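Coordinates in review
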Amino acid sequence: MAKRIEATNVSAYYGGFKAIENITLTVEPKTVTALIGPSGCGKSTFLRSINRMHEVLPGARVEGNLTIDNQDIYDRDVDVTAVRRMIGMVFQRPNPFPTMSIFENVVAGLRLNGVKKKSILEEAAERALRSANLWDEVKDRLGKPGAGLSGGQQQRLCIARTIAVEPQVVLMDEPCSALDPISTLAIEDLMFQLKDQFTIVIVTHNMQQAARVSDRTAFFSIEKTGDPGRLIEYDNTQKIFSNPSVKKTEDYITGRFG
Amino acid sequence: MGDTPQRSAHAGTGGITVATGHEWAAGASARVAETPGNPRTPVDNGMGGGGALPRARSFGAERAFRGLTLAAGTAVLVIIAAIAIFLIARAVPALRANTENFWTYEGWSPNEAQPKFGIGTLAFGTVLSSALALLIAVPVALGIALYLSHYAPRRLGTALGFLIDLLAAVPSVVFGLWGRDVFINPVRDFSAWLNEYFGWIPIFGGDGPFGRSIMLGSLVLAIMVLPIITSLSREVFLQTPTANEEAALALGATRWEMIRTAVLPYGRPGVIAAVMLGLGRALGETIALAMTLGITFGVSFNLIQNGGNTIAANIANAFGEANDTGRGALIASGLVLFTITLIVNITARVIIYRRREFTESAA
Ligand SMILES: Nc1ncnc2c1ncn2[C@@H]1O[C@H](COP(=O)(O)OP(=O)(O)OP(=O)(O)O)[C@@H](O)[C@H]1O
Ligand SMILES: [Mg+2]
């Protein structure tokens, strides 16, 4: 159920502004890959290019080649909704559907896929909520609004919603940035479990988190404001954090630790 | 009315702001208490002199403002009560003089020596024409609103939105004239066509004449309420949080599925409010209907024959030559119209608040 993502010379634009340039990297199946780098270097932009969410913004476009198991996701004949179903996404701020109950939030994706049978939905919801470590906390109030949960619970609800449709890749854009340390740990644990099934790409500003959860780390950076972001170094997480081969990476990592 | 999610959010925070003010004061004194050395003596915190906590001012802008708003609120209530009493006082003698049943009599001749008038047919016409108008206008309005908010290029959406707002400002007498003199021709032809081919359906039956019918009135009404509903719904749809739209898209929703999952549920209370506002206008619409309906008294679902009447149109038509009893009768009919509008409004509120738990957390 996990797939390999290969990006070759991917550049992305916001109108006339080039946000990332010639990113080339391969994400292995069933691994956690962390994207790190200073603010504005294009991590989110790259992440959103992977599931074609970048092009949702007016004037935004992507160049280059992105494949998932050798299938070009930007091919003219590819159905963009199929791409997004295959590559799920968790956003920085928890964004449960405010008008829906917890249960309806979790099964929203399944409903979009046309699943109607109550028993199937219930089973899938429980499975997803258990995987997201949320089941015990919400099992007695599945009918209550999803927006009534705490921030950390909401984020896990969003994760449950994403994995309920069993995507093959899960993209996470700073999923813990709005969360307290305990919820953060819960989500990190979750990533360990999820990588048995899914390929995970996570953007994070937290070096320790990147070091803890990821197998491989990609360091992005920009020369100066207005320049496009570039991939500086991409290697095993251990190597990046102990013995990076590029000076810039080292500066960034050590700078963060003081 | 106008309970868009945005506004209810503000309404919700109104109370909280006041509470925060108190908390701040409590927090400040708590901080003071922690100061080592002088556990109870407040230090200067920028709010008042040293020594003791500042005393509540006996007269300040706060109190003056509170008094002013209270007075204004009371005045409104008093005025409303006075109007109600006046209206009822005028209506009751006329109702007493009525020699027929006010609810069921089909006709309106209150100016005669033996006054006869009934509200039934008028109330029926009011509800029927408004309901038909909404039936036509709401789907179209929501379609246009969604197109403007989520399909049209942003520039075009804004420009067209502005145009529709302008349409809402056209006075109803203009719509009435246009309906009576221009729009009536195609409607008459269409009615004749309907009658020829679908005459076996009772609502399209009859032998004419056609034209000044419930259909014409409802169509004109529909065109009149369309801009309000469109404009408000568009605002509501535009307020959908981008995060929710993106969440739906990221789950693999098409644009229409995204609208169904994120936009419509979020906008529901606002749309209901918009529809109710439109309905309010339709129910109370006077001159346009007085000019386009056939003005007959009778309960009939026939849509295309000359006929139809509403409470408001009847008031406009009959007020001029009404005597004392006649005016009282019209006032009584106005009170009935007011009650209908009130019931509609309350129903709308109930619908909106039943899902309050969800809509509030949405805001
Ligand atoms: N919607 C947008 N319109 C125009 N420019 C944008 C938009 N979103 C991002 N950018 C620009 O693209 C560049 C990359 O942004 P991006 O959000 O990918 O950075 P990031 O690495 O995710 O930063 P952060 O760590 O702060 O989230 C930035 O210069 C940013 O200003
Ligand atoms: Mg970002």
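Residues numbered from 1 in each chain as written. Chains lettered and ligands numbered in written order. Predicted model: local features only at pLDDT ≥ 70, side-chain atom pairs only at ≥ 80, totals over all residues. Heavy atoms only, no water.

As for the packing of helix H7 (residues 242-250) of chain B against helix H8 (residues 255-284) of chain B
Residue and element names in this part refer to chain B. Where we set the bar: Fitting a line to C-alpha atoms yields each axis, with helices limited to the stretch in contact; the angle taken between N-to-C directions then spans 0 to 180 degrees. A run of H or I in DSSP becomes a helix once it reaches four residues, and a run of E becomes a strand once it reaches two; helices and strands are each numbered from the N terminus. Crossing chirality is assigned from the near helix's rotation relative to the far helix, an anticlockwise turn below a right angle marking it left-handed and a clockwise turn marking it right-handed. We call two residues contacting when some pair of their heavy atoms lies within 4.5 Å. Residues are grouped as follows: Ala, Val, Leu, Ile, Met, Phe, Trp, Tyr, Cys and Pro are nonpolar; Asp, Glu, Lys and Arg are charged; every other residue, Gly included, is polar.
Packing of H7 against H8 leaves a shortest axis separation of 9 Å and a crossing angle of 145°. By crossing handedness, the relation of H7 to H8 is classed as right-handed. Facing Asn 244, Glu 245, Ala 248 and Leu 249 of H7, the residues of H8 in contact are Met 258, Thr 261, Ala 262 and Val 263. Of the residues assigned to the contact of H7 with H8, the class counts are five nonpolar, two polar and one charged.

Here's the deal with helix H10 (residues 311-318) of chain B
Which entries qualify depends on this criterion: Exposed residues in this analysis have more than 50% of their type's maximum accessible area, buried residues have under 20%, and partly exposed residues fall in between, with area computed by a 1.4 Å probe over protein chains only.
Listed as buried for H10(B) are Ile311(B), Ala312(B), Ala313(B), Asn314(B) and Ala318(B). Tucked inside the fold, the buried residues of H10(B) contact strand S1 (108-109), helix H3 (120-151), H8, helix H9 (287-292) and helix H11 (324-354) of chain B.

A closer look at the pairing of strand S9 (residues 216-221) of chain A
Residue and element names in this part refer to chain A. Applied cut-off: Paired strands are those between which DSSP finds at least two bridges.
Counting buried positions along S9 gives five out of six residues, so the element sits mostly inside the fold. One ladder, built from four bridges, connects strand S3 (residues 32-36) with S9; its direction is parallel. The partner of Ile 36 across the bridge, within S9, is Phe 219. Bridge analysis of S9 against strand S10 (residues 230-236) gives six bridges, and the strand direction is antiparallel. The partner of Phe 219 across the bridge, within S10, is Glu 233.

Here's the deal with unusual backbone geometry
All names here are of chain A. Positive phi, normally seen in glycine, also occurs at Lys 30, with a value near 55°. Mapping Lys 30 onto the fold places it in the loop between strand S2 (17-27) and S3. The phi dihedral of Asp 69 falls on the positive side, at around 45°, and the residue is not glycine. With respect to the element layout, Asp 69 can be found in the loop between strand S4 (60-68) and strand S5 (71-72). In this structure Asp 69 comes out as partly exposed when scored by relative accessible area, which is 37%.

Everything listed here is a matter of coordinates, which is why it stays silent on function.
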